[in-house]
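Structural description and commentary
If you want the building blocks of each chain, they are given just below.
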Amino acid sequence: MSIRVLFLGGPGSGKGTQASILSRTLNIPHIDTGALLREEIASCSENGKIAKKQIDNGQLVPFQIVVSMIKERLAKFDCANGFILDGFPRSLEQAEGLEEILIELNIKIDAVLNIDIPEDILIARMAYRKSCPECGEKYNTKLKPPKQDNICDICNSTLTQRTDDTEETAAKRIQTYKTETEPLINYYTNQNLIVNINGEKSIDNIFNDILNLFKEEKNNDNKKIKA
Ligand code: AMP
C-alpha cells in the first residue's frame, strides 16, 4: 500500500504542521518545498541565491529550480511507499510539471487535501510563527507554544522566526497564493482529487478530521485514498 497526497492551503494555513504529523503517522516522507529551498539557501548555491531573493519578496521561486528539485526528490528510494507533498505545486505550470514527473515515475496522486481558512487568520498566524533551525519543528507562540519559552521541545535549540514571516512579506505571500496557487483548487476539483479540510479547528481536531477521512475512504468504493 502506498499513499501519495498533496497539501494545498495558504501560507500559515497549518498545512506544514498537518503534513508533518501525517508523515510521522504513516511513516512516509514529508516533502516540504519551502524547507528544501531554505536548505538550498543555507548551502549558498547559485539556486539558493536566486531562491532567497524570491522568498524574501514573497514571490515564487522559478519553475525550473523547483521542478527539478522535486523530480530528484520523488525519484529517491524512500518515496517508493508514498509521500506527502507540502508546498508543491504552487501554480498551474507547476501542477503540469508534476503531471509529467508522475507519468515518468508511473504513479498517481491519491488525494489533494485543501486546508480551508480565512485570510485574516492566515496573517495573524504567520506573525506568531516560530521554528527550530536545527530539527525543523514548527511552533506558534499562541496556538502551539514550546514548553519552555523560545526553546525547541525536541532538540533544545533556540527557536527563530522566518525572515519571510514579517507582516509586509506575509501580505505579499498571500497575494501570490491567491493569484498563483488558488486556481489549483479548481484544477484538482476537476480531477476529482480535492478534499476540503476546515483549517479553523485546533491542530489535533484537524488531524482527526484527516485521519477520519482515511478511514471513510477505506470503506468507500469511489475512494481517493487507498489506505
Ligand atoms: P513555505 O515554507 O511553503 O511557506 O514557502 C516559503 C517560500 O518558498 C514561498 O513563499 C516561496 O517563495 C518559496 N516556495 C516554496 N514552495 C515553492 C514552490 N512550489 N514554487 C515556488 N516557490 C516556492
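Before reading on, note that the structure itself is shown above.
Before going into details, it helps to say that this report is about the structure given with it. (Residues numbered from 1 in each chain as written. Predicted model: local features only at pLDDT ≥ 70, side-chain atom pairs only at ≥ 80, totals over all residues. Heavy atoms only, no water.)

Attention now moves to the side chain of R173. Locating R173 in the fold gives a position in helix α7 (residues 167-181). Not counting residues within four places of it along the chain, the set of residues in contact with R173 comprises P11, G58, M126, R129, R162, D164 and D165. (Helix = DSSP H or I, 4+ residues; strand = E, 2+ residues; numbered from the N terminus. Contact = heavy atoms within 4.5 Å.)

Our next topic: the packing of α7 against helix α8 (residues 183-190). Where α7 meets α8, the axes come as close as 5 Å, and the angle between the chain directions of the two elements is 35°. Together, Y177, K178, T179, E180 and T181 of α7 and P183, L184 and I185 of α8 make up the contact between the two elements. (Axes fitted to C-alpha atoms, helices over the stretch in contact; angles between N-to-C directions.)

Looking now at the site of the ligand. Lining the immediate surroundings of the ligand are 16 residues, of which Q59, V61, G87, R90 and Q94 lie closest. In the model, an oxygen atom of the ligand is placed 2.6 Å from a nitrogen or oxygen of the Q59 main chain. Within the contact set of the ligand, a nitrogen atom lies 2.8 Å away from a backbone nitrogen or oxygen of G87. Relative to its free-state accessible area of 480 Å², the ligand is covered by the protein chains to the extent of 96%. Examining the composition of the shell around the ligand, we find that four residues originate from one element, helix α2 (residues 33-42), more than from any other. Split by residue class, the shell around the ligand holds six nonpolar, five polar and five charged. (Near = heavy atom within 4 Å. Polar contact = N/O pair within 3.5 Å; in protein donor to acceptor, adjacent residues only side chain to side chain. Areas by Shrake-Rupley, 256 points an atom, 1.4 Å probe, with all protein chains shown as cover. Nonpolar A, V, L, I, M, F, W, Y, C, P; charged D, E, K, R; others polar.)

With 12 residues, helix α4 (residues 63-74) should cover 16 Å at 1.5 Å per step; its first-to-last C-alpha distance of 16 Å lies within 8% of that length. Of the surrounding elements, those touching the buried residues of α4 are β2 (30-32), α2, α3 (46-56), β3 (82-86) and α5 (92-105). (Expected span 1.5 Å × (residues − 1).)

All right, on to the packing of aromatic side chains then. Throughout the structure, instances matching the rule amount to one aromatic pair. Their ring planes at 90° and their centres at 4.9 Å tell us that Y187 and Y188 sit as a pair that is edge-to-face. Look at Y187 and you get buried, because its relative accessible area is 18%. According to the relative accessible area criterion, Y188 is buried, its value standing at 1%. For the cation-ring pair, K144 lies above Y139, with the distance from its terminal atom to the ring centre recorded as 5.1 Å. (Phe/Tyr/Trp six-rings, centres within 6.5 Å; stacked < 30°, edge-to-face > 60°. Buried < 20%, exposed > 50% of the residue type's maximum accessible area, 1.4 Å probe, protein only. Lys NZ or Arg CZ within 6 Å of the ring centre and 35° of its normal.)

Most of strand β1 (residues 3-8) is tucked away: six of the six residues are buried. Alternating residues of β1 divide into I3, V5 and F7 and R4, L6 and L8, and every residue in both groups is buried. Across five bridges, the pairing between β1 and β3 is parallel. Directly across from F7, in β3, lies its bridge partner D86. Relative to strand β4 (residues 111-116), β1 runs parallel, the two being bridged by four bridges. Of the residues in β4, the one forming a bridge with L6 is V112. (Pairing = 2+ DSSP bridges.)

What follows deals with a negative patch on the surface. Together, E93, E96, E100 and E180 make up a negatively charged patch on the protein surface. No other element matches α5, which puts three residues into the negative patch. Summarising the element assignment, E93 is placed in helix α5. (Patch = residues over 30% accessible without salt bridge, like charges linked within 9 Å, V, L, I, M, F, W, Y side chains within 5 Å. Salt bridge = Lys/Arg side-chain N within 4 Å of Asp/Glu carboxyl O. Lys, Arg positive; Asp, Glu negative; His and termini not counted. Charge placed at Lys NZ, Arg CZ, Asp CG, Glu CD.)

The full count for this structure, using the stated rule, is 12 salt bridges. K15 serves as the salt-bridge partner of D86, at 3.6 Å between the closest nitrogen and oxygen. You can see D86 sitting in strand β3 and its partner K15 sitting in helix α1 (residues 15-26), a full 71 residues away along the chain. An identical accessibility class is assigned to D86 and K15; each is buried. Taken together, the shared-partner salt bridges in this structure form one network comprising R24, E137 and K144.

So, about the environment of P11. Assignment of secondary structure puts P11 in the loop between β1 and α1. Here the alpha-carbon distance between P11 and A171, two residues 160 residues apart in the chain, equals 9.6 Å.

Bringing the sheet that holds β3 into the picture now. Taken in spatial order, the five strands of this open sheet run β2-β3-β1-β4-β7, and their pairing is parallel. Bordering the open sheet on either side are β2 and β7 (194-198), each of which pairs with just one other strand. Strand-to-strand twist in this sheet, taken as the mean axis angle between neighbours without regard to direction, amounts to 25°. Pairing analysis gives five bridges linking β4 to β7, with the strands arranged parallel. Note that in β7 the partner of I115 across the bridge is I197.

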